[in-house]
Amino acid sequence: PGHRVIGTLNSYFECLVPPIERYGGEVLKFVGDGLLAIFAVAGDAGAACEAALAAAREAQLGIAAANVQRQQTGEPVQRYGMALHLGDVLYGNIGSTGRLDFTTVGPAVNLTARLETLARDLGRDLVVSAGFATHCPEALELLGTFQLRGFRDPQEVFAPVAAAPSARGA
């Protein structure tokens, strides 16, 4: 039923939005069961990557805890995929005079979207781009090099070595 779908989505987003905001990120939009958030670099790419990764890890823990409760009440677990990338974006109000939407666009946004899809295909909850990985102090493992739709060159993709609790296969 519709009210259960909305309740499930709100429960899921409640695991994501507070950590994003706590670590200095900004949620730009909700798109169905996904969201787009940015962490401004402000001159320190390493700090922005650390903040984004910390928010993602906290969100993973929140989803894992929510999934325990969901299982106890007979509800299905929430599965998800996250992708982190460091890159330049264009942002602003985009649309028509009658309907504008503040958003980001550009190759960095497209790559992040392709990585999120790849996370799902690889059965991973969190993947990061090579550009992000170079600024990340956390141990990462190379998952491989993948040809992603819309990108001429294959992309190296990484994931944290010590995986946070996963919703996959639960």
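A brief look at the structure comes next. The numbering scheme is per chain: residues are counted from 1 as the chain's sequence reads. In view of the model being predicted, local features appear only for residues whose pLDDT reaches at least 70, and side-chain atom pairs are presented and counted only at 80 or more, with totals across whole chains, interfaces and linings using the full set of residues. The side-chain quantities take in all heavy atoms of the structure and omit both hydrogens and water.

**As for the pattern of salt bridges**
Here's step 1: Between Lys or Arg on one side and Asp or Glu on the other, a salt bridge is scored when a side-chain nitrogen of the former is within 4 Å of a carboxyl oxygen of the latter. Under the criterion given, the structure shown has 5 salt bridges.
Here's step 2: When the shortest N-O distance is used, the salt bridge between D101 and K29 registers 2.1 Å. One end of the pair, D101, is in strand β5 (residues 99–105); the other, K29, is in strand β1 (residues 26–31), with 72 residues separating them in the sequence.
Here's step 3: D101 sits in the partly exposed class, given a relative accessible area of 27%.
Here's step 4: For K29, a relative accessible area of 18% corresponds to the buried category.
Here's step 5: The residue R124 makes a salt bridge to E141 at a minimum N-O spacing of 3.3 Å. Segments assigned H or I by DSSP are reported as helices when at least four residues long, segments assigned E as strands when at least two residues long, and all are numbered from the N terminus. Partly exposed residues are those whose accessible area sits between 20% and 50% of the maximum for their type, while under 20% is buried and over 50% is exposed, using a 1.4 Å probe and protein chains only.

**A closer look at the nonpolar core**
As a rule of thumb, soluble globular proteins bury nonpolar side chains together.
Here's step 1: Residues L16, M82, L84 and F132 are the most contacted members of the largest nonpolar core, which totals 26 residues.
Here's step 2: Elements with a minimum of two residues in this core: α1 (2–22), α2 (45–72), β3 (82–84), β6 (126–129) and α4 (130–133).
Here's step 3: It is α2 that provides the largest number of residues to this core, a total of 9 residues.
Here's step 4: When sequence neighbours within four positions are dropped, the list of residues in contact with L84 reads A52, L53, A56, L115, L126, V127, V128, S129 and F132.
Here's step 5: Within the second largest apolar cluster, 10 residues are counted, among which are A83, L111, A119 and L148. Note on terminology: a nonpolar core comprises buried Ala, Val, Leu, Ile, Met, Phe, Trp, Tyr and Cys residues joined through side-chain atoms within 4.5 Å. Whether two residues touch is decided by their heavy atoms; if any such pair falls within 4.5 Å, the residues are in contact.

**A word on unusual backbone geometry**
Here's step 1: Here the phi dihedral of A42 falls at roughly 50°; this positive angle occurs in a residue that is not glycine.
Here's step 2: Along the chain, A42 falls in the loop between β2 (34–38) and α2.
Here's step 3: Assessed through its relative accessible area of 78%, A42 is described here as exposed.

**Describing α1**
Here's step 1: Taking 1.5 Å per residue, 21 residues should reach 30 Å; α1 reaches 30 Å between its end C-alpha atoms and fits that length.
Here's step 2: A bend of about 30° at F13 is the largest found in α1.
Here's step 3: All buried positions along α1 are accounted for by Y12, F13, C15, L16, V17, P19 and I20.
Here's step 4: Close packing links the buried residues of α1 with β1, β2, α2 and β3.
Here's step 5: Note on α1: the residue one or two positions beyond its end, G24, has a positive phi of about 90°. Each helix should span, by expectation, one fewer than its residue count multiplied by 1.5 Å. To obtain the bend at a residue, axes are fitted to the seven residues ending there and to the seven starting there, and the angle between these axes is taken.

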